[in-house]
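Residue-level listing of the chains:
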Amino acid sequence: MRTALALGIGVIIGVAVWLLGAEPLWATALAVPPTAFAVLVTRLPRATDVVWSSEPPPPGSISTAHASTLASRLQEAAENPRRFQDRFRGRLQRLGIDAAELPDPEDLAERLRRVE
């Protein structure tokens, strides 16, 4: 209905321009841009339309679980350095992380506990 109204307004603009003395081709050419704009406006959703979406997930639920798991594993590694060598360094190297740049396991475990 609104699109038909916009097209009707375009026809009225074209007829008005033609009655003012323009050639029919020019009247059509001058009526097309405002008509196209009016049709576009009728197709767009209104700014006041409600956009329904679900609630965002609670912050940190997944990252907290991962951080706590990693913190406990690093605490174990701090107690047993050989375990750190065997378990973490190989995994970190596969990820492309240089384990020499990381802080010691106790410090890293403490930082991750603070993240929780």
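Since the model is a prediction, treat every value here as computed from it, not as a measurement. (Residues numbered from 1 in each chain as written. Predicted model: local features only at pLDDT ≥ 70, side-chain atom pairs only at ≥ 80, totals over all residues. Heavy atoms only, no water.)

**Looking at the environment of Arg73**
Thinking step 1. Structurally, Arg73 can be placed in helix H3 (residues 61-79).
Thinking step 2. Of the residues examined, Arg73 reaches a relative accessible area of 36% and is grouped as partly exposed.
Thinking step 3. Residue contacts for Arg73: discarding those within four places in its chain leaves Arg87, Phe88 and Arg91. (Helix = DSSP H or I, 4+ residues; strand = E, 2+ residues; numbered from the N terminus. Buried < 20%, exposed > 50% of the residue type's maximum accessible area, 1.4 Å probe, protein only. Contact = heavy atoms within 4.5 Å.)

**Some thoughts on helix H4 (residues 81-94)**
Thinking step 1. In this model H4 runs 19 Å from its N-terminal to its C-terminal C-alpha over 14 residues, within 8% of the 20 Å that 1.5 Å per residue would give.
Thinking step 2. Of all the bends in H4, the greatest measures close to 30° and is centred on Phe88.
Thinking step 3. Turning to H4, its buried residues number three or more, namely Phe84, Phe88 and Leu92. (Expected span 1.5 Å × (residues − 1). Bend = angle between axes of the 7 residues up to and from the residue.)

**Quick notes on the side chain of Thr35**
Thinking step 1. Take Thr35: it is sitting in helix H2 (residues 24-43).
Thinking step 2. Thr35 gets classed as buried once you look at its relative accessible area, which sits at 13%.
Thinking step 3. Once you skip the residues sitting within four places of it in the chain, Thr35 turns out to touch Ala6, Leu7 and Gly10.

**Focus on a nonpolar patch on the surface**
Thinking step 1. Taken together, the side chains of Val11, Val15, Trp18 and Leu19 define a hydrophobic patch exposed on the protein surface, amounting to about 430 Å² of accessible area.
Thinking step 2. Along the polypeptide, Val11 turns up in helix H1 (residues 2-19). (Patch = residues over 30% accessible without salt bridge, like charges linked within 9 Å, V, L, I, M, F, W, Y side chains within 5 Å. Areas by Shrake-Rupley, 256 points an atom, 1.4 Å probe, with all protein chains shown as cover. Salt bridge = Lys/Arg side-chain N within 4 Å of Asp/Glu carboxyl O.)

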